[in-house]
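Chain and residue survey
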Amino acid sequence: MNEMSETREVREARLQGLGCKRKRVEDVRFTQGKGKYVDDLKLPGMLYGDFHRSPYGHARIKRIDTSKAKAVPGVLAVLTAEDLKPLKLDWMPTLAGDVQAVLAGDKVLFQNQEIAFIVATERYIAADAADLVEVEYEALPALVDPFKAMAEDAPILREDIKDKTTGAHGERKHPNHIFTWEIGDREATDLAFREAEVTIKELISYQRVHPCPLETCQSVASFDKIKGELTVWGTFQAPHVVRTVAAILSGIPEHKIHVIAPDIGGGFGNKVGVYPGYVCAIVASIVTGRPVKWVEDRIENLSTTAFARDYHMTAEIAATREGRVKALRVHVLADHGAFDACADPSKWPAGFFNIVTGSYDFPIAHVAVDGVYTNKAPGGVAYRCSFRVTEAAYCIERAMDILAHKLGIDPAEIRMRNFIRREQFPYHSALGWEYDSGDYHTALQKALDAVGYSALRAEQTARREAFRRGETREIMGIGIAFFTEIVGAGPAKNCDILGIAMFDSAEIRIHPTGAVIARMGTKSQGQGHETTYAQIIASELGIPADDVMIEEGNTDTAPYGLGTYGSRSTPTAGAATAMACRKIKAKAQMIAAHLLEVHHDDVEFDIDRFRVKGMPERFKTMKDIAWTAYSAPPPGLEPGLEAVNYYDPPNMTYPFGAYICVMDIDVDTGVAKIRRFYALDDCGTRINPMIIEGQVHGGLTEAFAIAMGQEIAYDEIGNVKGASFLDFFLPTAVETPKWETDFTVTPSPHHPIGAKGVGESPNVGGVPAFSNAVNDAFAFLGATHIQMPHDAWRLWQAAEALGAQG
Amino acid sequence: MIPGPFAYHRPQSLAEAVALFAAHPEDGRALAGGHSLIPMMKLRLATPEHLIDLGGIAALKGIRREGETWVIGATTTQAALIGHEALPAGLPIIGETARQIADPQIRYCGTLGGNVANGDPGNDMPALMMCLDAVYHLAGAKGERRVKARDFYLGAYVTALAAGEILTAIQIPAAPPGHGHAYEKLKRKIGDYATAAAAVMLTLEAGRIATCAIGLTNLAPTPLLAEAAAAMLIGETPDERAFAAAARAVEAIVAPTADGRGPVEYRTKMAGVMTRRALARAVARIGA
Ligand SMILES: Cc1cc2nc3c(=O)[nH]c(=O)nc-3n(C[C@H](O)[C@H](O)[C@H](O)COP(=O)(O)OP(=O)(O)OC[C@H]3O[C@@H](n4cnc5c(N)ncnc54)[C@H](O)[C@@H]3O)c2cc1C
């Protein structure tokens, strides 16, 4: 290799840095079945745990008899709430400031709630014995409708806290009430509504769904009695926080707890929280002195570990007759299930729902959220979205369409009229956020041009006439969603989890040969961190990405971080990575100057080297510099070449995008066919366009599933319906539409490399795009708002109700 | 989702299998492709103590022509029905239906015999077998007997199969020359059972419907043969008006349950829509 004669392009390309469509390095093992997941772990003497669960949604437990289960050969222990009580582990704190039963003692509050944990030498024996646990119940009336939760005669669910009139987030108005969270100017908003020329009001429900990662939640706990050390392998999106929680709960010193998150098969928020299975596996390992594995099955995953959404949003917009928005008022009834186990930053019981003003310049707004208990599984996690952001985006994007429809203004036009303008950034929203950057008009215009919007509208008009003449039984819908996300939680000033600020971290070590190992406090579950973090380092330090190894998930080796969810990895740990690189680069500059025998102000960085200013032939590559750092560091400088950075972001980042969906609905069957789906994303600086595209494809597929069919429903006595793949809509490649992706680039002004995060945008923007297309299709028949999910029978019913059935 | 304990047997001949069933009359259960039985065992809805795997018996596999009929061995896989060298041309509706069962992985394991013996109203082949007037060959300790598909289904998971009896083959009359056929299935996604499905076989004579049979899937505790609907079409001109009348007759006999696929009213209407579409497509195929 002749380093002198190579062009800059060749040197650049070798790095595979920012902007390179680098192939995912983790896929080498994943595509060959060589990933190492929790369930691949087999330790000598390992035992298996399984749960006996409640068939009731709400019942008093009169008696638990574990004698038959204990008598099964191979069963070593059967834990119940009675056994956990002396350890003070029968209840555990949740991330939302509530407590959750680890094992139900007096009462069960949702179907499939954990009652006994059976530990046996084989998985099969544990499952057989689980069936033999005998529980006597007194059935209680179940509360499944959140709108009835605060009725005077509603059954009281949480007897443990029924007399507490204040919870973690203030006053409780009813024993089934968790909190009221308010933000914005109520009086000014009310006044704006009183004076408004036009108003709309609609109950917009976002049904209960589940993140449904392909790998379910699981863990292996191993307690070493001699050393007093606990090792826990698990499907943890936030391993460091899990370790802190484990230390607080167990009393084992934090340094004697080793938490390891190996490869994870998807998380989507489902793997943020702490579940009874983890706690029971730990207790069982301490009790038996042997490693204990707990693996959820699919039904357990869908019916007990964290659900998402279940937000019932009454949205109102006040506007002028020309469609200029004047005020937004939203009330949310939030169904949190039996325990408040939402995974939100501590001070935000409704997450960042106050992003609900969306991409529009609302002068004034007010939001109130009431959280209530019901006899459903706990959770309320951010399923591939920042905290409650997809609910907010769905709410405002539906509401804007409803306003447009009422005023007879085109949905694209009403957005254009109300967008925050480019020159208004940084923009202070009426509900308290500071949007970092955006160029909404350009993005939407590009999207409209790309799909040929006006031709589509003309076609729709013609098809509606044909439908009215009885020539076709298909109706056509065009859905637009323009979303603004708030991700990258978050600044210590307003974001913490259990008191720990939501920074993140990177530790980068360059070895003598110039090869790099870097560790972060985040944890990939499929996002491709091993690929993209290496690209940031490649561009920052001029070392080929292939020479960089990324490691995450081991609390012994990785620096402390808050984990991966809410599209926070790039905004936080990605920033920490760039900042750590810059520390290293400063030292490298000193070394280069020393080697080149010039003052350090006289050298400059150039792709993969430092060179003497004005003399490009005099340079030292990063490889030369690394070797020198270990062999002959300049006098007065420490040997070695490494750095750590803990990054507290100054602000969130605000990715945005314009999505357009074109759909045809067969009114005779209610079957919707997605003809076209165009997604333009602006996530600031694009680290790896191929990974972005992959993330967008995956997120859109989830959005499609949510909008068009997913639902975790309960019947009136609290039985969970549809908690298996027979009913829970997980589209296959056959159902999944084809995706067209596009982009604009508006870098974040405060992020070191200008990146904003993209993992969740497609889920956030996708759901309203599909739903708006459905509603747009039916609008000419008189529909205002049709609730999700838009599965065939519901669309058929909608058509029937609108008189479209011949 | 872990099954309870069971013993596993793999007989090599029909006689050996019959003897095994005789030894375990109450708690023996045939295992074919396992793609209905094993999911039920995992949910512990089925807890057989003796699984008798028919996969080792060569005589139960294969497709052959016998006079004016097709004889299909019970353990012939659904994939083999699609891939056979002669059946798709001779009786195309079998392949068309098989393709709408689950996905390729399941069809490589799942068998025709298992699909029709299972007794689940959601299975697609039973209604087709009723439509085609197939005959099931059964063998047991008391010898062999034959039962028409049209007489086989008694209730959900209740069939004419006696305890310990094995379905050995399915015999289907060859299709008349120039026939029209269609299997129309509405489902939520690949791998789902029908919201409603209709199998149609018909012939035309001088522009009028001469023969017609209609089978219906997942619209009652058993598969249904829509006899009245088919009868009223005979002699009619095959047009939308006639098809709509037949659809109404179908809607009158179905009794679906409400489930994740939709409420009763919807599934009833879909029975009509699928029937109409199957009739139209069957007729169009003759024209083509
Ligand atoms: C995800 C999924 C989706 C599916 N979708 C569909 C679908 O859309 N349509 C559809 O029709 N099917 C569907 N199936 C079922 C599939 O077609 C099964 O393969 C079929 O129903 C049963 O055939 P099998 O060979 O697997 O039988 P098994 O599961 O082995 O047996 C089924 C039952 O029949 C009995 N049995 C089997 N063979 C004999 C015999 N020769 N004599 C006597 N009794 C016998 C068994 O004892 C058992 O009770 C689906 C299955 C899955 C897992």
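My aim in this report is to walk through the structure given alongside it, one point at a time.

The rules we used
Residues numbered from 1 in each chain as written. Chains lettered and ligands numbered in written order. Predicted model: local features only at pLDDT ≥ 70, side-chain atom pairs only at ≥ 80, totals over all residues. Heavy atoms only, no water. Helix = DSSP H or I, 4+ residues; strand = E, 2+ residues; numbered from the N terminus. Rg over C-alpha atoms; globule rule 2.2 N^0.38 Å. Buried < 20%, exposed > 50% of the residue type's maximum accessible area, 1.4 Å probe, protein only. Contact = heavy atoms within 4.5 Å. Areas by Shrake-Rupley, 256 points an atom, 1.4 Å probe, with all protein chains shown as cover. Phe/Tyr/Trp six-rings, centres within 6.5 Å; stacked < 30°, edge-to-face > 60°. Lys NZ or Arg CZ within 6 Å of the ring centre and 35° of its normal. Buried area = accessible area lost by both parts, 1.4 Å probe. Salt bridge = Lys/Arg side-chain N within 4 Å of Asp/Glu carboxyl O. Nonpolar A, V, L, I, M, F, W, Y, C, P; charged D, E, K, R; others polar. Near = heavy atom within 4 Å. Polar contact = N/O pair within 3.5 Å; in protein donor to acceptor, adjacent residues only side chain to side chain. Domains from an automatic or database assignment.

**Comments concerning the overall build of chain A**
- Across its full length, chain A carries 19 helices and 37 strands.
- Against the compact-globule benchmark of 28 Å for 806 residues, chain A has a radius of gyration of 28 Å, which places it among compact chains.
- Based on the C-alpha atoms only, the size of chain A along its principal axes is roughly 85 × 75 × 50 Å.
- Taken across its 806 residues, chain A has 64% of its residues classed as buried.
- The contacts in chain A between residues at least 6 apart in sequence include a share of 80% that link residues at least 24 apart.
- Here chain A has roughly 28,200 Å² of accessible surface; of this, 53% comes from carbon and sulfur atoms.

**Some words on the packing of aromatic side chains**
Residue and element names in this part refer to chain A.
- Within the structure shown, the criterion is met by 40 aromatic pairs over all chains.
- On the basis of an interplanar angle of 55 degrees and a centroid distance of 5.7 Å, the ring pair of Tyr275 and Tyr278 is categorised as tilted. Both residues of the pair, Tyr275 and Tyr278, count as buried.
- Measuring from ring centre to ring centre gives 5.3 Å for Phe677 and Trp739, while their planes differ by 85 degrees; the resulting arrangement is edge-to-face. With Phe677 in strand 34 (residues 671-682) and Trp739 in the loop between strand 36 (720-721) and strand 37 (740-743), this residue pair connects regions lying 62 residues apart in the sequence.
- A residue is classified by how much of its surface remains accessible, and Phe677, at 0% relative accessible area, is buried.
- Here the aromatic cluster, defined as three or more aromatic residues joined through ring pairs, consists of Phe483, Tyr659, Phe677, Phe704, Phe729, Trp739 and Phe770.
- Here the guanidinium or amino end of Arg208 rests over the ring plane of Phe307, the centre of that ring lying 3.4 Å away.
- Its guanidinium or amino end placed over the ring of Phe605, Lys585 lies 4.2 Å from that ring's centre, counting from NZ or CZ.

**Quick word on the interface of chain A and chain B**
- Each partner contributes residues to the interface: chain A has 24 residues there, and chain B has 25 residues.
- Carbon and sulfur atoms make up 60% of the surface buried where chain A meets chain B, a total of about 2,000 Å² over both sides.
- Joining chain A to chain B, the criterion identifies five salt bridges.
- Measuring nitrogen to oxygen at the nearest pair gives 2.9 Å for the salt bridge that ties Asp727 of chain A to Arg188 of chain B.
- Only helix 5 (123-130), helix 9 (298-304) and helix 19 (792-801) of chain A provide two or more residues apiece to the side of chain A that touches chain B.
- Here the element with the most residues in the side of chain A that touches chain B is helix 19 of chain A; it accounts for five residues.
- Here the residues of the side of chain A that touches chain B sort into eleven nonpolar, three polar and ten charged.

**Quick look at the site of the ligand**
All names here are of chain B.
- Residues in contact with the ligand amount to 32 residues; listed here are only the nearest, Ala30, Gly33, Ser36, Thr111 and Asp124.
- Separating an oxygen atom of the ligand from a backbone N or O atom of Ala30 is a distance of 2.5 Å.
- Gly33 is positioned such that a nitrogen or oxygen atom in its backbone is 2.7 Å from an oxygen atom of the ligand.
- Protein contact buries 92% of the 950 Å² of open area that the ligand shows by itself.
- For the shell around the ligand, the elements supplying multiple residues, two or more each, are strand 2 (28-31), helix 7 (112-117) and strand 10 (166-173).
- When we break the shell around the ligand down by domain, the ones giving at least three residues each are domain 1 (7-56) and domain 2 (58-173).

**Digging into unusual backbone geometry**
Residues and elements named next belong to chain A.
- The linkage connecting Phe425 with the following residue, Pro426, adopts the cis geometry, with an omega of -5 degrees.
- Following the sequence through the fold, Pro426 ends up in the loop between helix 11 (411-418) and strand 21 (427-428).
- A cis geometry characterises the amide bond from Met788 onward to Pro789, with omega recorded as -10 degrees.
- Mapped onto the elements, Pro789 comes out in the loop between helix 18 (761-779) and helix 19.
- Phi at Arg309 is positive, roughly 65 degrees, even though this residue is not glycine.
- Given the relative accessible area of 0%, Arg309 is considered buried.

That is the geometry; function is a separate question.
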